[in-house]
Amino acid sequence: MATESNPLLDSNPSSSSSSPGPPPPRVGVAIIELEHISIASASAATITPPFSFTKLLSFTGPGILMSTAFLDPGNLEGDLQAGAIAGYSLLWLLFWATAMGCLIQVTAARVGVVTGKGLAEVCREEYAPWARVVLWGMVEVAVVAADIQEVIGTAIGVQILSRGVVPLWASVVITAVDCFAFLFLENYGVRKLEASLAALVTTMAAAFAWMFIDARPSGEKLLVGVLVPKLTSRTIQQAVGFVGSVITPHNVFLHSALVQSREIDRNRTGQVQEAINYFSIESALALFVSFVINLFVTTVFAKGFYGTEQANSVGLKNAGHYLEEKYGGGALPVLYLWGIGLLAAGQSSTITGTYAGQFIMGGFLNLRLKQWLRAIITRSFAIIPTMIVAIAFNRTESAMDILNEWLNVVQSMQIPFALIPLFTIVSKKQVMGVFRIGPNIERVAWIIVALVMIINVYVLYDFFMNQVTGFISGFFFFLATTAYAAFILYLMSHDGALPSAWLKPTLSQWLSYIDCKLIKPNELQESQSSRVNMLGS
């Protein structure tokens, strides 16, 4: 029986099937096999590899550096004041504020993994030149404000451990030099720097855990404080401080840059998703540790000073002496435990603050400088004002507390300039592709932004009522507030930043309601169809 010639298998279909000669080349089979290989390769590129504990360890590091911002001296002061004034009642807020911070940091890591760029670099590409300069200025102000708290906190730790022999200004200089010494470790690999920061966090955890064990706080009150929400007018200021202290603008920019230290093939979506998963797990674990450390500090001061006369006067500088009076010496005096923990907290956060300054300045301004030169420039941005502040405010304990309040206000006001660009970019398909966040996470993200804005309104109102006096200062405060609000509105309206997944259904329901009230029933279906088409366009 005759067989038909297959053009994919026969190189000369017009020749007779009975003619002798060598077998024809299998071109069609080769093409089909190549197509199968391409399809298999493409399929493999989209598959996320199974979980591996060894692989998780290889991704561990950036989250540890990021978590130190949740443990800086500013946070510790917020912890001790919340414990002394509110007792155990705000522990639930500490937990949820840390969870909120975890979502923000995981989102920042997502941007860095997917784009291969830090958030500052992406902002430089997304915003107009004037806007990115203003944005850089705002974030740089937050870096300086945080660095002042961190350096002074470290200096106070040096003073405690030296029994006051080393003055505050000299301690500031020592802190700056130490910071360069730690950053020098990066020349031997980023893993060395990550290990040194992990050692500082471990030191901090051990010191505050020892304090916690010595203080023996009530386990029942601790559990109720974590699980049962409670907020009164007397504790609202500490509540605002809790929420504001866990969201540091420079930390968002830092984390998006740190995750690029791991090699990822961004052409393989499976590898990208794997990196996102591991960095998310690592960040959650690191922030859980930071939550436990903050809980130790809060409960120690809740046990020792809640309801006492010292509750309203305890601060970062005198906390060690108050602890010594309350808990005494012991095998390891609590004063030195506090000094060791404070020194570790300040030193670790100062290092990451300087590191963040390098990424922020380099990303926004597109600077390509040598690492040591960038470190000197960014360190000088903070160390010079810190030296001035240390000399000017090192007169009384109340002056240092006033300074800390001002710095908290400054940092709180800069938070929108990190969150709005972050959530705008991570929701943008042109930037994130298939890795943009879903509508539910987008809604939660913008709820966080709204919460931060409400807190800022409260902070501004409280600051205006207590600090602004006279017509001239009030006028300038009004101008500054107007400019601040206008720039936030610009960021929120830029390139459709507001969550369309939330606004479109709401707007659609509103338009349908109008249709039902104003349009005749036989015209309702046609009108609704046109509305839906308009919203989808």
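Counting restarts for each chain, with residues numbered from 1 along the sequence as it is written. pLDDT decides what is reported in this predicted model: residues at 70 or higher carry local features, side-chain atom pairs at 80 or more are listed and counted, and totals for whole chains, interfaces and linings draw on all residues regardless. Remark: hydrogens and water are excluded; side-chain values derive from all non-hydrogen atoms of the structure.

J.: Help me understand the overall build of the chain in this model?
T.: Counting from the N terminus, the helices are DSSP H or I runs at least four residues long and the strands are E runs at least two residues long. Helices and strands together make up the secondary structure of the chain, namely 23 helices and zero strands. Three exposure classes are used, based on accessible area relative to the maximum for each residue type with a 1.4 Å probe and protein chains only: buried under 20%, partly exposed in between, and exposed over 50%. Sorting the 537 residues of the chain into buried and exposed places 47% on the buried side. Partitioning the intrachain contacts of the chain with sequence separation of at least 6 by distance along the chain shows that 82% fall at a separation of at least 24. For accessible areas, the Shrake-Rupley method is used with a probe of radius 1.4 Å. Any residue's cover is judged against the shown protein chains and nothing else. Approximately 25900 Å² of the chain is accessible, and the part contributed by carbon and sulfur atoms is 66%. The criterion used for residue contact is that any of the two residues' heavy atoms lie within 4.5 Å.

J.: Got a minute to help me understand the packing of helix α12 (residues 249-258) against helix α15 (residues 334-365) in this structure?
T.: To describe two helices that pack against each other, one gives the angle between their axes and the distance between the axes. Where α12 contacts α15, the axes come no closer than 9 Å and their chain directions differ by 80°. Judged on the interaxial angle alone, α15 and α12 are roughly perpendicular. Here α12 contributes His 250, Phe 253, Leu 254, Ala 257 and Leu 258 to the contact with α15, which in turn contributes Thr 352, Gly 353, Tyr 355, Ala 356, Phe 359, Ile 360 and Phe 364. Partitioned by chemical class, the residues of the contact of α12 with α15 number nine nonpolar, three polar and no charged. Working convention: axes come from line fits to C-alpha atoms, limited for helices to the stretch in contact. Angles between N-to-C directions cover 0 to 180 degrees. These descriptions rest on fixed angle ranges, namely under 35 degrees for roughly parallel, over 145 for roughly antiparallel, 65 to 115 for roughly perpendicular, and the rest for oblique. For this classification, the nonpolar set comprises Ala, Val, Leu, Ile, Met, Phe, Trp, Tyr, Cys and Pro, the charged set comprises Asp, Glu, Lys and Arg, and every other residue, Gly included, is treated as polar.

J.: Would you mind going over a positive patch on the surface with me for this structure?
T.: On the surface, a cluster of positive charge is made up of Arg 216, Lys 221, Lys 303 and Lys 326. Mapped onto the fold, Lys 221 is located in helix α10 (residues 219-227). Classification of Lys 221 as exposed rests on a relative accessible area of 52%. Each patch is built from residues that are more than 30% exposed by relative accessible area and take part in no salt bridge. Like charges join if they lie within 9 Å; nonpolar side chains (Val, Leu, Ile, Met, Phe, Trp, Tyr) join within 5 Å. Only one rule defines a salt bridge in this text: a Lys or Arg side-chain nitrogen within 4 Å of an Asp or Glu carboxyl oxygen. Under the convention used here, Asp and Glu are negative, Lys and Arg are positive, and both His and the chain ends fall outside the count. Taken as the charge location is NZ of Lys, CZ of Arg, CG of Asp or CD of Glu.

J.: Would you take a moment to explain the packing of helix α5 (residues 91-115) against helix α13 (residues 269-305) for this structure?
T.: The interhelical angle for the contact between α5 and α13, taken along N-to-C directions, is 155°, at an axis separation of 9 Å. Compared by their axis directions, α5 and α13 come out roughly antiparallel. The way α5 lies across α13 gives a crossing that is right-handed. Split by residue class, the contact of α5 with α13 holds 16 nonpolar, eight polar and one charged. Rotating anticlockwise by less than a right angle from the far helix to the near helix defines a left-handed crossing, while the corresponding clockwise rotation defines a right-handed one.

J.: What exactly am I supposed to notice about α5 here?
T.: Turn by turn, an α-helix covers 3.6 residues, leaving residues three or four places apart pointing in a common direction. A helix's residues, less one, multiplied by 1.5 Å, set its expected span. Look at α5: 36 Å from first C-alpha to last across 25 residues, which is about the 36 Å you get at 1.5 Å a residue. Most of α5 is tucked away, with 21 of its 25 residues classed as buried.

J.: Teacher, can you tell me more about the packing of aromatic side chains here?
T.: Two descriptors summarise a pair of aromatic rings, namely the distance from one centre to the other and the angle between the planes of the rings. Planes of paired rings set the category: under 30 degrees apart is stacked, over 60 is edge-to-face and the rest tilted, where pairs are Phe, Tyr or Trp rings (Trp by its six-membered ring) whose centres lie within 6.5 Å. One pass over the structure, following the stated rule, counts 18 aromatic pairs. Seen in terms of ring centroids, Phe 95 and Phe 291 are 5.6 Å apart; in terms of plane orientation they differ by 75°. Their pairing is edge-to-face. Of this pair, Phe 95 sits in helix α5 while Phe 291 sits in helix α13, and the two are 196 residues apart along the sequence. An angle of 70° between the planes, with centres 5.6 Å apart, marks the rings of Phe 301 and Trp 338 as edge-to-face. Here the residue Phe 301 occupies a position in helix α13, and Trp 338 occupies one in helix α15, the gap between them amounting to 37 residues. Taking relative accessible area as the criterion, Phe 301 reaches 0% and is therefore assigned buried.

J.: Where do I start with empty space enclosed by the protein in this structure?
T.: Gaps left between atoms show up when a probe the size of a water molecule is rolled over them. Buriedness of a pocket was judged along seven lines, with at least five required to meet protein on both sides within 12 Å; pockets are open sets of points on a 1 Å grid over the protein atoms alone, cavities are sets where a 1.4 Å probe fits but cannot get out, and lining residues have an atom within 4 Å of a point. Grid points are joined across faces, edges and corners, and a volume is the space filled by probe spheres set on the points. All chains considered together, the criterion is met by two cavities of 30 Å³ or more. In this structure, the second largest cavity spans a volume of roughly 30 Å³. Tallying contributions element by element places α5 first for the lining of the second largest cavity, with four residues. Across the lining of the second largest cavity, the residue classes tally to five nonpolar, one polar and one charged.

J.: Sorry, what's going on with the pattern of salt bridges here?
T.: Side chains that carry opposite charge are capable of pairing whenever their charged atoms lie near each other. In this structure the tally under the stated criterion is six salt bridges. Between Arg 436 and Glu 442 there is a salt bridge, with the nearest N and O atoms lying 3.6 Å from each other. Beyond isolated ion pairs, a larger network of salt bridges with shared partners links Arg 191, Glu 194 and Arg 262.

J.: So what exactly am I meant to see when it comes to the environment of Val 334 here?
T.: By the secondary structure assignment, Val 334 is in helix α15. It is 5.9 Å that separates the C-alpha atoms of Val 334 and Glu 324, two residues lying 10 residues apart in sequence.

J.: Help me understand the side chain of Glu 150 in this model?
T.: Mapped onto the elements of the fold, Glu 150 is located in helix α7 (residues 129-161). Beyond its immediate sequence surroundings of up to four residues, Glu 150 is in contact with Asp 72, Pro 73, His 250, Gly 346, Ser 349, Thr 350 and Gly 353.

J.: Hey, could you run me through the layout of surface pockets in this one?
T.: Its boundaries defined by the atoms lining it, the largest pocket holds a volume of some 820 Å³. What lines the largest pocket is a set of 35 residues, among which Gln 81, Gln 237, Gly 241, Glu 405 and Asn 408 lie closest to the centre. At the level of secondary structure, the elements contributing two or more residues to the lining of the largest pocket comprise α4 (73-86), α11 (236-246), α17 (397-414) and α20 (439-467). At eight residues, α17 tops the list of elements feeding residues into the lining of the largest pocket. Classifying every residue of the lining of the largest pocket gives 12 nonpolar, 18 polar and five charged.

J.: Hey, could you run me through a nonpolar patch on the surface in this one?
T.: Taken together, the side chains of Phe 471, Ile 472, Phe 475, Phe 476, Phe 478 and Leu 479 present a nonpolar region at the surface, about 720 Å² in accessible area. Inspection of the secondary structure puts Ile 472 in helix α21 (residues 471-493). Assessed through its relative accessible area of 59%, Ile 472 is described here as exposed.

J.: For this particular structure, what's the right way to read the nonpolar core?
T.: A general tendency of soluble globular proteins is for nonpolar side chains to be buried together. Residue types Ala, Val, Leu, Ile, Met, Phe, Trp, Tyr and Cys, when buried and joined through side-chain atoms within 4.5 Å, form a set referred to as a nonpolar core. In terms of nonpolar packing, the biggest core is built from 138 residues, with Ile 104, Phe 208, Phe 253, Phe 301, Trp 338, Leu 419 and Phe 423 touching the most fellow members. Residue contributions to this core peak at 15 residues, all from α13. Residues contacting Phe 423, with those up to four places away along its chain left out, are Ile 104, Thr 107, Ala 445, Trp 446 and Val 449.

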